[in-house]
Amino acid sequence: MRIAWLILLVVFTSNWGFAQNPKYELNSEENENIFLIGESHFVKEKFDEIKSLYIEKISELKKGDKVTFFFELPYSLNYAFSQIKENNDTTLFSQWFSHLYHLKDEKATSFWLDYKSMIIDLLNISKAKEIDIDLCAIDTEVKLRRTVFILSNIVDNPQMDSLLAENEIENSEANKSILIDNIDSLLLFVDDEKIRHLLMNIKRGLSVKYLICKERDAFMHEMFVENFKAESSLNFVFVGLSHAVSKHDFTDAGIFYALKYIDDAEGYMSFYDMLDSDMKRKTYRVGILALNHVLTGGSFSAPKYYKNIMTKKERLFLENNIQEDGVYRGVTRNTKKLRKLSKHLDYIIIYHSSGYKSD
């Protein structure tokens, strides 16, 4: 009988030890409470990776601890986030995903539906763990139908309701001016300080020019610093890869791309590069990438080289060390063969192949 109990104890202890073995093995220092997640946009699995990472990190927290999630989403969405926080109401947030593009009846793609599901899951995970989670959008207003939708909900706004009823709202400077004028009119009679602050920052986001990446990164950095809470146990910043790495490199861009972003080619600083030294000490950069981009329909794939952050030899090393599940995970500074990559990312999650279908 004693032998049986001893065997059971050994099995239980072994299983518990296995369960505690971290999936990511980040090796981050205790003072690094900002997890800057830079993702390559076509990696379908990124949302599951973020949820898994979040679950693993909050396992170290206790009831009542505070976590803040920052997203590369338009600042205006913070009004919908406030409804979740203050009224436990996700209605406006869910409706926002029906107003993503120029046209009235365009459906949300799998990318956006998965994005919405991830945020809802983050809220549910936090609630079950009794963690206090804040959500904060820090991006500029790029797609104006989304901005119009939020403005039409903040206060009674016949002009925005009328505009939202139109079949198409072009993302033009002329339409931006209309929205800015509308906000100026609203500010004349809105007394609520929270709403006034929201409207003024939406206006600032609308003032950022299209296709000027460095101005967009500067806005995101400004909104992040303004909303960063030192008392939060953890801060997650979820942005595109080019915003998370040091000094984005335009030298390998194609001719069309280079002409399109010519104003950014000189003096471009990424969101990460704009962080001061104290913030950088607190920041752990996690990259979610794929070596091959699966194209629409899944019949073809194209290699992705990431020339600005890794050499050909580094890419080959990663390709040769992909695990059986098709993924490589690791701390870059632990591998001498990833010297260039380690200057840009502290930890990498790289899929052999991934991609979203266009649906």
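Residues numbered from 1 in each chain as written. Predicted model: local features only at pLDDT ≥ 70, side-chain atom pairs only at ≥ 80, totals over all residues. Heavy atoms only, no water.

Attention now moves to the side chain of His221. Here His221 is to be found in helix α10 (residues 213-227). Residue His221 is classed as buried on the basis of its relative accessible area, which comes to 19%. Each residue touching His221, except ones within four places of it in the same chain, is listed here: Phe271, Met274 and Leu275. (Helix = DSSP H or I, 4+ residues; strand = E, 2+ residues; numbered from the N terminus. Buried < 20%, exposed > 50% of the residue type's maximum accessible area, 1.4 Å probe, protein only. Contact = heavy atoms within 4.5 Å.)

Let us look at the environment of Ser59. Position of Ser59 among the secondary structure elements: in the loop between α2 (46-58) and β2 (66-74). Sequence separation of Ser59 and Lys129 is 70 residues, and the distance between their C-alpha atoms is 8.4 Å. Within polar-contact distance, the side chain of Ser59 engages the backbone oxygen of Glu56 at 2.5 Å. (Polar contact = N/O pair within 3.5 Å; in protein donor to acceptor, adjacent residues only side chain to side chain.)

Bringing the packing of aromatic side chains into the picture now. A full pass over the atoms with the stated rule returns 24 aromatic pairs. The interplanar angle of 45° and the centroid separation of 5.2 Å between the aromatic rings of Phe47 and Tyr115 together place this pair among those described as tilted. Of this pair, Phe47 sits in helix α2 while Tyr115 sits in helix α5 (residues 110-129), and the two are 68 residues apart along the sequence. One exposure class covers both Phe47 and Tyr115, and it is buried. Looking at Lys176, its charged tip hangs above the ring of Tyr210, at a distance of 3.9 Å from the centre. (Phe/Tyr/Trp six-rings, centres within 6.5 Å; stacked < 30°, edge-to-face > 60°. Lys NZ or Arg CZ within 6 Å of the ring centre and 35° of its normal.)

Of all 5 residues in strand β7 (residues 327-331), 4 are buried; the element is thus mostly enclosed. As judged from the 5 bridges shared by β7 and strand β8 (residues 347-354), these two strands associate in the antiparallel manner. If you follow Gly330 over to β8, its bridge partner there is Ile348. (Pairing = 2+ DSSP bridges.)

A few words on the pattern of salt bridges. One pass over the full model with this rule turns up 24 salt bridges. Connected through shared salt-bridge partners, Lys66, Lys85, Asp132, Asp134 and Lys229 make up one network. (Salt bridge = Lys/Arg side-chain N within 4 Å of Asp/Glu carboxyl O.)

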